[in-house]
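Spelled out from the first residue to the last, the chains are:
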Amino acid sequence: MRNQQATKLLFEMSRPGRRSHHLPALPAGSETVTDLLPAEQLADAPPPLPELSEGDVVRHFVNLSTQNMSVDTHFYPLGSCTMKYNPKRNERMASLGGIVDVHPLQDDESIQGMLQLLHELQGMFAEISGLPGVSMQPAAGAHGELAALFVAAAYFADKGETSRKVVLTADSAHGTNPASAQMAGFSTKTVKSGPNGLVDVEDLKSKLGDDTAVFMLTNPNTLGLFDAQVQEIADLVHQAGGLIYLDGANMNAILGITRPGDFGADLMHYNPHKTFSGPHGGGGPGAGPICVRDFLAPYLPGPIVEEHAGEFRCVNPAKSIGRVRSFFGNVGVLVRAYVYIRTYGKEGLRKVSEDALLGANYLLSKVKHFLDVPHGDRCMHEFVASASRLKKEKHLSAMDIAKRILDYGFHAPTVYFPLVVDEAVMVEPTETESKETLDAFAEALFRITEESDDLIQDAPLSTKISRPDDVTAARRPILRWTDPAS
Ligand SMILES: Cc1ncc(COP(=O)(O)O)c(C=O)c1O
């Protein structure tokens, strides 16, 4: 028996006069609630809102939520933009009264506890990255990229080097890198990867010049490879007068093992949803804290928390680019990151990365027997397989694999990214997954490669919605369930 609430719109379920609340009686003399409101603020007619009982609404949304896959319901091997499991302990801590009841307009004296927490977190981000200046304002990784590029622009403007207008990005970079650079007012040039999937240093050299502002590097890169040329790359960029930006989306692979500040980065962002188990949410409301070298710290977006003789106060850096977000950014997300880091401690964080590497390499060692993995036998925290051969041999594309794996009860891996791999299938298991889960996922992938084309090209077969954005959707109705009453 299917669930009506999950399929019908709230508007379709609406019945006149049905309510989930009762308002208090109107004061004597008022006929309707509109008598209490100023006439100029009234619309001609009440808005056409659905009228429903509380039960209808609760069931509607709970049922809808069960049609989705999430990190709390399924293995979520989405490479690159991975959502790491959010421990429930962090959620409990972040909802303590002393945290959620703080108002950002309170004065510094009355929120010393919160400011202390944020100050400690700034210190943790600085220590983990090896970069001392920290701003926690940005609301997502991409927002951090943008804010940091504004910082770089302000730094070059201050030095009178306004001709530095070019940001170099790797061809394996996340699309947010060139997009952020353009939004920050730079033009972009792409640096090629070599056949080994790492930066082609000769190509980089040919693109460096007096106009170079920043090279945005992802390390480990989106192919799941650590670029050991990084020191040489940083030296080349610095000799040309530019800065190295580290897209820190893949910090989960190197926590406590190496630090961007130690291998030459000048600026970076963290993705707490991939590293410190913060919520994400479509480019925000998450967090994308940025860290910079000390000579760039005066340009950071404020406020920053400073400590003076045991007192914490908010300050704006001397040459700050200004705010990029209201108040401190998404403090609730930052609190979760704080709890995560405090829970694991130094040794624990290193173990997180070691386990992430172990899980990814274990999975890679299984998957490479039936899917090509063009760049290496070993990986960091993720790897990129290719369905290119399968597509030629049996018309099985990366998209087909992503759709069919839903029928096996797994969230899809990332597909068609990075662009440098044809028919890319990008897998990031993260450290919290058991051997049993990884085995079951590998087994499912293997079975898919053995299945008939017809079956797979119609997949997913078990979900309520099939392929709404795909030509094969034309072969079946998008919504499989039809209301018996209609
Ligand atoms: C390599 C890389 N860079 C940048 C981003 C952008 O981060 P966000 O989605 O938090 O904006 C992502 C996504 O997680 C990513 O994987």
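The residue count restarts for each chain, going from 1 along the sequence in the order it is written. Given that this is a predicted model, residues contribute local features only at a pLDDT of at least 70 and side-chain atom pairs are listed and counted only at 80 or more, while totals for whole chains, interfaces and linings are drawn from all residues. Note that the side-chain values use all heavy atoms of the structure and ignore hydrogens as well as water.

The following threshold applies: UniProt positions are given in the numbering used here, feature names are shortened, and annotations may be inferred rather than shown by experiment.
If you check an unreviewed UniProt entry, the protein appears there as glycine dehydrogenase (aminomethyl-transferring) from Stieleria bergensis. Under the UniProt heading Cofactor (unreviewed entry), the note attached to the protein is "pyridoxal 5'-phosphate". Taken verbatim from the UniProt record of the protein, the Function (unreviewed entry) comment is "The glycine cleavage system catalyzes the degradation of glycine. The P protein binds the alpha-amino group of glycine through its pyridoxal phosphate cofactor; CO(2) is released and the remaining methylamine moiety is then transferred to the lipoamide cofactor of the H protein."

### Some remarks on the overall build of the protein
To keep it simple, the criterion reads: What counts as a helix is a DSSP run of H or I of at least four residues, what counts as a strand is a run of E of at least two, and both are numbered from the N terminus. We take the radius of gyration over the C-alpha atoms and set the globule estimate at 2.2 Å times the residue count to the 0.38 power. Here the term buried applies to any residue with accessible area under 20% of the maximum for its type, exposed to any over 50%, and partly exposed to those in between, with areas from a 1.4 Å probe on protein chains only. By the convention used here, residues are in contact when the closest approach between their heavy atoms is within 4.5 Å. Surface accessibility follows the Shrake-Rupley procedure with a 1.4 Å probe radius. Residue values consider only the protein chains on display as shielding. In this tally Asp and Glu are treated as negative and Lys and Arg as positive; neither His nor the chain ends contributes. Think of each charge as sitting on NZ of Lys, CZ of Arg, CG of Asp or CD of Glu.
Counting secondary structure elements, the protein contains 16 helices and 12 strands. Compactness check: the protein gives a C-alpha radius of gyration of 26 Å against a globular reference of 23 Å for 486 residues, within 12% of the reference. By principal-axis analysis of the C-alpha atoms, the protein measures approximately 75 × 65 × 40 Å. Within the protein, the fraction of its 486 residues that count as buried is 50%. At a minimum sequence separation of 6, the contacts of the protein that also span at least 24 residues come to 68%. Looking at the protein as shown, the accessible area adds up to about 22600 Å², and 55% of this sits on carbon and sulfur atoms. With 45 positive and 60 negative side-chain charges, the protein shows a separation of 4 Å between the mean positions of the two kinds.

### Thoughts on helix α15 (residues 435-450)
Worth spelling out the cut-off: A helix is expected to span 1.5 Å multiplied by its residue count minus one.
In this model α15 runs 23 Å from its N-terminal to its C-terminal C-alpha over 16 residues, within 8% of the 22 Å that 1.5 Å per residue would give. Looking at the packing, one finds that the buried side of α15 touches α12 (331-367), α13 (388-394), α14 (398-404), β12 (424-427) and α16 (453-458).

### A look at the site of the ligand
As a reminder, the rule being used: Throughout this document, a residue counts as near a molecule or strand when at least one of its heavy atoms sits within 4 Å of that molecule or strand. For the purposes of these results, a polar contact is taken to be a pair of N or O atoms within 3.5 Å, where, inside protein, one atom must be able to donate a hydrogen and its partner to accept one; residues adjacent in sequence count only when each atom of the pair is a side-chain atom.
In the vicinity of the ligand lie 14 residues, with S80, G141, A142, D247 and N271 positioned nearest. For the ligand, an oxygen atom lies 2.8 Å from a polar atom in the backbone of G141. Contacts to the ligand include A142, whose backbone N or O atom sits 2.8 Å from an oxygen atom. Relative to its unbound accessible area of 380 Å², the ligand is 96% covered by the protein chains.

### Quick word on the nonpolar core
Inclusion rule: Put simply, buried Ala, Val, Leu, Ile, Met, Phe, Trp, Tyr and Cys residues joined by side-chain atoms within 4.5 Å make one nonpolar core.
Within the largest apolar cluster, 58 residues are counted, with the highest numbers of intra-cluster contacts made by F125, L204, F215 and F276. Mapped by element, the contributors of at least two residues to this core are α6 (112-129), β2 (166-170), α9 (201-207), β4 (212-218), α10 (230-239), β5 (243-248), β6 (267-270) and α12. Here this core gets 11 residues from one element, more than from any other, and that element is α12. Sequence-distant contacts of L204, defined by excluding residues within four places in its chain, comprise L168, V191, V199, F215, I233 and L236. With 29 residues, the next largest nonpolar core counts L371, F383, A385 and A398 among its residues.

### Comments concerning the sheet that holds strand β3 (residues 187-191)
Strand pairing in a sheet is mediated by backbone hydrogen bonds. Such pairs are either parallel or antiparallel. Short version of the rule: Pairs of strands are assigned from DSSP output, requiring at least two bridges between the strands. In this analysis, axes come from line fits to C-alpha atoms, helices being fitted only over the stretch in contact, and the angle between any two N-to-C directions falls in the range 0 to 180 degrees.
Taken in spatial order, the 7 strands make up an open sheet running β1-β7-β6-β5-β4-β2-β3, and their pairing is mixed. Either end of the sheet is taken by a strand with one partner, and the two such strands are β1 (133-135) and β3. Direction aside, the axes of adjacent strands within the sheet are offset by 20 degrees on average. Two strands pair when backbone bridges link them, and β4 and β5 are joined in this way by 5 bridges, in the parallel orientation. The residue bridging V214 from the neighbouring strand is L243, located in β5. Contacts between α6 and the sheet are confined to β1, β6 and β7 (290-292), with β6 contributing the most and set at about 120 degrees to the helix. Helix-sheet contacts for helix α8 (residues 176-183) involve β2, β3, β4 and β5, and the interaxial angle to β3 is about 155 degrees.

### Quick look at empty space enclosed by the protein
This is how the line gets drawn: For each structure, a 1 Å grid was placed over the protein atoms alone; sets of points admitting a 1.4 Å probe that cannot get out are labelled cavities, open sets with protein on both sides within 12 Å along at least five of seven lines are labelled pockets, and lining residues have an atom within 4 Å of a point. Grid points are joined across faces, edges and corners, and a volume is the space filled by probe spheres set on the points. Just so you know the grouping, Ala, Val, Leu, Ile, Met, Phe, Trp, Tyr, Cys and Pro go in nonpolar, Asp, Glu, Lys and Arg go in charged, and all remaining residues, Gly too, go in polar.
For the structure on display, the rule yields 2 cavities of 30 Å³ or more. There is about 80 Å³ of room inside the largest cavity. Considering the residues around the largest cavity, the lining is formed by 15 residues, among which A170, S172, V199, T218 and N221 are closest to the centre. The element best represented in the lining of the largest cavity is β4, accounting for 3 residues. Tallied by class, the residues present in the lining of the largest cavity amount to 7 nonpolar, 5 polar and 3 charged. Roughly 40 Å³ of internal volume is contained in the second largest cavity.

### Brief notes about the layout of surface pockets
The probe, sized like a water molecule, is rolled over the atoms to show the empty space still left. Size it by volume and the largest pocket reaches roughly 590 Å³. As for the largest pocket, its lining consists of 23 residues, of which Q67, N68, M69, L406 and T463 are closest to the centre. Among the elements that make up the lining of the largest pocket, the one with the highest residue count is α14 (3 residues). Its boundaries defined by the atoms lining it, the second largest pocket holds a volume of some 440 Å³. For the lining of the second largest pocket, a count of residues per class yields 14 nonpolar, 8 polar and 5 charged.

### Comments concerning the pattern of salt bridges
Applicable threshold: A pairing counts as a salt bridge when a side-chain nitrogen of Lys or Arg comes within 4 Å of a carboxyl oxygen of Asp or Glu.
Across all of its chains, the model carries 26 salt bridges by this definition. Two residues, K159 and E161, come together in a salt bridge whose shortest N-O distance is 3.0 Å. We note a salt bridge from D211 to K189, for which the minimum N-O separation is 3.8 Å. With D211 in the loop between α9 and β4 and K189 in strand β3, this pair connects stretches of sequence that are 22 residues apart. In this structure D211 comes out as partly exposed when scored by relative accessible area, which is 26%.

### Let's talk about the sheet that holds β12
Read from one edge of the open sheet, 3 strands run β10-β12-β11, paired in antiparallel fashion. Strand pairing shows two members of the sheet lacking a second neighbour, β10 (383-386) and β11 (414-415), which therefore form its edges. Of the strand pairs in this sheet, β11 and β12 are connected by 2 bridges, and their pairing is antiparallel. Paired with V415 across the bridge in β12 is V425.

### What to know about unusual backbone geometry
Residue P418 is reached from F417 by a cis peptide bond, and omega for that bond is 0 degrees. Tracing the backbone shows P418 in the loop between β11 and β12. Here the phi dihedral of Y416 falls at roughly 60 degrees; this positive angle occurs in a residue that is not glycine. With respect to the helices and strands, Y416 occurs in the loop between β11 and β12. Located in the positive-phi region is E423, a residue other than glycine, with phi close to 50 degrees. Along the chain, the position of E423 falls in the loop between β11 and β12.

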